[in-house]
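Here are the chains, one letter per residue:
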Amino acid sequence: PGNGAAPPRRPDCRQSVGGTMIADPAVARRTRRAGFLLAAFCLCLALAGCLEARLPEGVVATVNGEPIFLRGLQALLDSRSATLGVLRRPSLEDMRRRYGEGLGSLIVCALVRQDLQRRQLAVSPEALEAAIDAVRRDYGGKEALDRYLADEALDAEQWRALMRDHLSLVQFEKLVLEPDIRVGLEEIRAYYQAHGADFQLPSLLAVCLVSADERAAVEGFCRALPRLPGREEEGALYQCLEVRSEDLPAVWRKAVADLAPGQCAPPRKEEGAWRSVALMARKPAARMELAEAYPLVERELREEKLDAAFLRWLEAALATARIRVAPDLKTDLVTPPSARKNGEEESGAEQAP
């Protein structure tokens, strides 16, 4: 929209529980950027005076006549704070920005729900209950979840509303946007050729980190190499993984440099346990072939097309929507993030989940 902002992505009206987001990983990428486009459209509305109308007490906006309540906006902000933790005491400017961005997300989520309703694809009460039950099971039952919500000062009914918004976004993506998305082989090949550096794999070390209470157990593990001990033979705890050399602790990085595959570094006593590292293999740098990269590229191109499809839908939805916003939040909703004073520093203080 000509303000220098990155293209908007789908919004995030998700609820978090215990720091674990319950969103689909693909939807998780669509966070704050949809608010950028919304700001441009709301700015046009502001110039026409549409945002200045008085709203009922406790209502911060209406979307095609549907109210968005202050308590719902507060619940969204509280849920994000519960996920992120308190990084620092927010300034008044921080809070104004968060309220504006949160309201932008709720407006877009309302538009999504209304569109699903028109298509007779709205999230059913049964689907909402099933999703809530899944979260309850993760927490060990209703009482445990209720206790968490109470501890985080999250209103249970507002939490349900945010869960419904999240499910609506997932359903909108799967049933409305995805059916029209196609990614062809030529597109994948062109992307692979244009982004060759992204498919360069660094040299890696296949190592096993070993730990035991007794030195003899670590030495027994090392004598068995290259065979790894079976469960019945375990005398030491070990974890095998592939890492870059620089990712190893300095003491083990130096030890591994002199090892041949199948050898262990001399055991060391650390924090009351005997530890060592075994080098299993050295893997040189290589380029990922197209066949290996295919699913990664396809997923990336699909995400880009989903973002573009959502942008087209959002433009059309906003062009015909009747949106009224409380005057107190107008400025923070319609001001492009790039125009806000100290916008970069503020955005670094807290990122929306």
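Residues numbered from 1 in each chain as written. Predicted model: local features only at pLDDT ≥ 70, side-chain atom pairs only at ≥ 80, totals over all residues. Heavy atoms only, no water.

1. Quick notes on the overall build of the chain
The condition that has to hold: The secondary structure listing takes helices from DSSP runs of H or I that are at least 4 residues long and strands from runs of E that are at least 2 residues long, numbered from the N terminus. Here a residue-residue contact requires only that any non-hydrogen atoms of the pair lie within 4.5 Å. Areas reported here follow the Shrake-Rupley algorithm with a probe of radius 1.4 Å; residue values treat only the protein chains shown as occluding.
Broken down by element type, the chain carries 12 helices and 12 strands. Put simply, of all contacts in the chain between residues at least 6 apart along the chain, 78% involve residues at least 24 apart. About 18800 Å² of surface is accessible on the chain, with carbon and sulfur atoms providing 53% of the total.

2. Re unusual backbone geometry
Heads up, the rule is: Residue exposure (1.4 Å probe, protein chains only): buried if accessible area is under 20% of the type maximum, exposed if over 50%, otherwise partly exposed.
The residue after Leu225, namely Pro226, is reached through a cis peptide bond having omega 10°. Looking at where Pro226 falls in the secondary structure, it is placed in the loop between α8 (215-224) and β7 (237-243). Even without glycine at this site, Asn64 takes up a positive phi of about 50°. Along the chain, the position of Asn64 falls in the loop between β3 (59-63) and β4 (66-69). On the basis of relative accessible area, Asn64 is assigned to the partly exposed category, the value being 26%.

3. Side note on the sheet that holds β3
Spelled out, the test is: Following DSSP output, two strands are said to pair if at least two bridges run between them. Axes here mean lines fitted to C-alpha atoms, for a helix over just the part in contact, with angles spanning 0 to 180 degrees between N-to-C directions.
One open sheet holds the three strands; their spatial order is β4-β3-β12, and the pairing between them is antiparallel. The sheet is open, and its two edges are formed by β4 and β12 (323-325), each paired on a single side. In this sheet, adjacent strand axes meet at a mean angle of 20° when their direction is disregarded. Bridging between β3 and β12 involves three bridges; their strand directions are antiparallel. Following the sheet pairing, Val63 is matched in β12 by Ile323.

4. Comments concerning the packing of helix α6 (residues 156-177) against helix α10 (residues 290-320)
To keep things clear, this is the line we draw: Geometric relationships in this document are graded by angle, where less than 35 degrees denotes roughly parallel, more than 145 denotes roughly antiparallel, 65 to 115 denotes roughly perpendicular, and other angles denote oblique. Polar here means any residue outside two lists: the nonpolar Ala, Val, Leu, Ile, Met, Phe, Trp, Tyr, Cys and Pro, and the charged Asp, Glu, Lys and Arg; Gly therefore counts as polar.
One can describe the packing of α6 onto α10 by two numbers: an axis separation of 11 Å at closest approach and a directional angle of 95°. On the basis of the axis angle, α6 is roughly perpendicular to α10. Residue-level contacts link Phe172, Glu173 and Leu177 of α6 to Leu306, Ala309, Phe310 and Trp313 of α10. Residues of the contact of α6 with α10, tallied by class, amount to six nonpolar, no polar and one charged.

5. Overview of the packing of aromatic side chains
The criterion, for reference: Ring pairs shown here join Phe, Tyr and Trp side chains whose ring centres sit within 6.5 Å, with only the six-membered ring taken for Trp; geometry is labelled stacked below 30 degrees between planes, edge-to-face above 60, and tilted in between.
Using the criterion set out here, one finds six aromatic pairs in the structure. Among the aromatic residues, those joined into a ring-pair cluster are Phe172, Phe310 and Trp313.

6. Comments concerning the nonpolar core
Within soluble globular proteins, side chains that are nonpolar tend to cluster in buried spots. The test is simple: For our purposes a nonpolar core is just a set of buried Ala, Val, Leu, Ile, Met, Phe, Trp, Tyr and Cys residues, chained together by side-chain atoms within 4.5 Å.
If you look at the biggest cluster of nonpolar residues, it comprises 34 residues, and the most contacted ones within it are Ile68, Leu103, Leu111, Phe172, Phe310 and Trp313. Counting residues per element, this core draws most heavily on helix α3 (residues 92-118), which supplies 10 residues. What Phe172 contacts, discounting residues up to four positions off in sequence, is Val112, Asp115, Leu116, Leu177, Phe310 and Trp313.

7. Comments concerning the pairing of β4
A regular strand carries its side chains on alternate faces of the sheet. Across four bridges, the pairing between β3 and β4 is antiparallel. For Val63, the partnering residue across the bridge sits in β4 and is Glu66. Here β3 folds back onto β4 in antiparallel fashion, the turn holding two residues, of which Asn64 has a positive phi close to 50°.

8. Considering the pairing of strand β10 (residues 273-283)
Pairing analysis gives nine bridges linking strand β6 (residues 204-212) to β10, with the strands arranged antiparallel. Bridge pairing links Leu209 to Val277 in β10. Inspection of the sheet shows strand β8 (residues 263-264) paired to β10 by two bridges, in the antiparallel sense. Paired with Gln263 across the strands is Leu279, a residue of β10. Pairing of strand β9 (residues 268-270) with β10, which is carried by three bridges, proceeds in the antiparallel orientation. Considered in β10, the bridge of Lys269 is made with Trp274. In textbook terms, the turn of a hairpin is the stretch between consecutive antiparallel strands, and for β9 and β10 this stretch comprises two residues, one of which, Glu271, has a positive phi near 50°.

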